[in-house]
Amino acid sequence: GYIGFFTRTALAGMPLRINAGLRGTLTDVTTIGLRQNPTSLTVQPSDHTAFAVTFTPITQVAAANSYESLLPSLDLALDVTDAWQMRFDVSRTTTKPPLNAIAPVLSMGNIQRVGSLVASSGNPGLTPYESVNIDFSAAWYYGPNSYASINAFTKQVTNFIVQGSVRQTINGVIYPSTGQPALFTVTTSVNGPAANVYGAEFAVQHLFDDSGFGFQANATLVDTDTPYNQIG
């Protein structure tokens, strides 16, 4: 459900548009998949550093999860002059986990190495990540269909979905050399810690009179207070 509010007024003689809203969501999720669980590890006669894995038959499994969100938003647009416009936005947004990340399935190779038992799994318990967004922008419309703008933003993100790993037993499988429950390193998606993201966006669009030709250019600079791995 949602409600919205829109009005026009003036601030120091300058036209001001106010757009506000509130949306509430309640989500119940049931995920279904096909799964094989390991039942035992057997040392291979030709290679004592490897285990052959025996599995149960393929069965259908299901998992349930539920979550709710309250998502307010406010947008203010001030026409300083006919050519200059300033905007201020604050909102809370949410993004649901991808479907492949919540499937209740387990993937494991038929061969496992001694001291390195690994698997990967979906995580039906994932919750959406939420972001509290604050944006401030200024735009100069210096000609027909031509403008230059700058936007500064900050976002406080919680429950961001990242890859993680846990060590756990699976289906009571026993480690052959110790007789104790085997510990597998299971890679899965998890809700990570909170992070602050901030940056600025620059954009320009210019049209050459009525020629139908022009150009666009934009750049975004982003930083965060949370360490991350830069790839590429």
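Residues numbered from 1 in each chain as written. Predicted model: local features only at pLDDT ≥ 70, side-chain atom pairs only at ≥ 80, totals over all residues. Heavy atoms only, no water.

### Comments concerning the overall build of the chain
Counted only if it meets this: Helix and strand definitions follow DSSP, with helices as H or I runs of at least four residues and strands as E runs of at least two, each counted in order from the N terminus. The atom set for the radius of gyration is the C-alpha atoms, and the globule formula is 2.2 Å times the number of residues raised to the power 0.38. Burial classification: accessible surface area is computed with a 1.4 Å probe over protein chains only, and a residue below 20% of its type maximum counts as buried, one above 50% as exposed, and the rest as partly exposed. Here, two residues are considered to be in contact whenever any of their heavy atoms come within 4.5 Å of each other. Residues scored as positive are Lys and Arg, those scored as negative are Asp and Glu, and His as well as the terminal groups of each chain are ignored. Charge positions come from single atoms, namely NZ of Lys, CZ of Arg, CG of Asp or CD of Glu.
When its secondary structure is counted, the chain shows 1 helix and 15 strands. For 232 residues, the compact-globule estimate of 2.2 N^0.38 gives 17 Å, and the C-alpha radius of gyration of the chain, at 27 Å, exceeds that figure by more than 25%. With respect to the three principal axes, the spread of C-alpha positions in the chain is 85 × 40 × 35 Å. Split into buried and exposed, the 232 residues of the chain put 25% on the buried side. The contacts of the chain with a sequence gap of at least 6 include a subset with a gap of at least 24, amounting to 63%. One way to put it: in the chain the 10 positive side-chain charges average out to a point 12 Å from where the 14 negative ones average out.

### Focus: the sheet that holds strand 1 (residues 2-11)
Here is the rule: Strand pairing is assigned whenever DSSP detects at least two bridges linking the two strands. Angles here are taken between N-to-C directions and fall from 0 to 180 degrees, while the axes themselves are lines fitted to C-alpha atoms, restricted in helices to the stretch in contact.
Reading across from one edge, 1-2-5-6-10-11-14-15 is the order of the 8 strands in this open sheet, with antiparallel pairing throughout. Where the open sheet ends on each side, the last strands, each with one partner, are strand 1 and strand 15 (214-224). Ignoring strand direction, the axes of neighbouring strands in this sheet form an average angle of 15°. In this structure, strand 10 (residues 129-143) lies alongside strand 11 (residues 146-158), joined through 12 bridges in antiparallel fashion. Residue F136 lies in a different strand from strand 11, and its bridge partner there is A152.

### Brief notes about a nonpolar patch on the surface
Our working rule: Surface patches are drawn from residues lacking salt bridges whose relative accessible area is over 30%; two like charges belong together within 9 Å, two nonpolar side chains (Val, Leu, Ile, Met, Phe, Trp, Tyr) within 5 Å. Exposure was quantified through the Shrake-Rupley algorithm and a 1.4 Å probe, taking into account, for residues, occlusion by the shown protein chains and nothing else. Any carboxyl oxygen of Asp or Glu within 4 Å of a side-chain nitrogen of Lys or Arg constitutes a salt bridge here.
On the surface, V80, W84, M86, F88, I134, F136, W140 and Y142 cluster together into a nonpolar patch covering about 670 Å² of accessible area. Elements represented by at least two residues in the nonpolar patch include exactly strand 6 (84-95) and strand 10. Here the nonpolar patch takes 4 residues from strand 10, the largest share from any one element. Residue placement: F136 occurs in strand 10. Overall, F136 belongs to the partly exposed group, its relative accessible area being 40%.

### Let's talk about the side chain of S131
The following threshold applies: Contacts described as polar in this section are N or O atom pairs within 3.5 Å, which, within protein, must combine one atom able to donate a hydrogen with one able to accept it, while residues neighboring in sequence count only if both atoms come from side chains.
Looking at the element boundaries, S131 is found in strand 10. The exposure class assigned to S131 is buried, which follows from its relative accessible area of 8%. One polar contact links S131 to N133, side chain to side chain, over a distance of 2.6 Å. Sequence-distant contacts of S131, defined by excluding residues within four places in its chain, comprise S91, R92, T93, K155, Q156 and V157.

### Examining the pairing of strand 3 (residues 38-44)
Direction of pairing for strand 3 relative to strand 4 (residues 47-55): antiparallel, over a ladder of 6 bridges. Residue L41 lies in a different strand from strand 4, and its bridge partner there is V53. Between the antiparallel neighbours strand 3 and strand 4 lie 2 residues.

### Side note on the pattern of salt bridges
Under the defined criterion, the tally for this structure stands at 3 salt bridges. One salt bridge in this structure joins R17 and D79, with 3.0 Å as the shortest N-O distance. With a gap of 62 residues between them, R17 in strand 2 (residues 14-35) and D79 in strand 5 (residues 59-79) connect regions that are remote in the sequence. In this structure, the salt-bridge partner of D47 is R113, at a minimum N-O distance of 2.8 Å. Within this pair, whereas D47 is found in strand 4, its partner R113 is found in strand 8 (residues 111-113), the two being separated by 66 residues in sequence. Judged by relative accessible area, R113 falls into the partly exposed class, the value being 42%.

### Here we look at the nonpolar core
Soluble globular proteins: nonpolar side chains tend toward being buried together. Put simply, the rule is: Buried residues of nine kinds, namely Ala, Val, Leu, Ile, Met, Phe, Trp, Tyr and Cys, make up a nonpolar core once their side-chain atoms join them within 4.5 Å.
Judged by nonpolar contacts, the single largest core of 13 residues is most densely connected at L41, M108, L117, A119, I170, A182 and F184. Broken down by secondary-structure element, the contributors of at least two residues to this core are strand 4 and strand 13 (184-191). Apart from residues no more than four positions distant in its own chain, L41 is found in contact with F51, A52, V53, L117, V173, I174, P176, A182 and F184. V29, Y67, I102 and I161 belong to the second largest nonpolar core, which has 6 residues in total.

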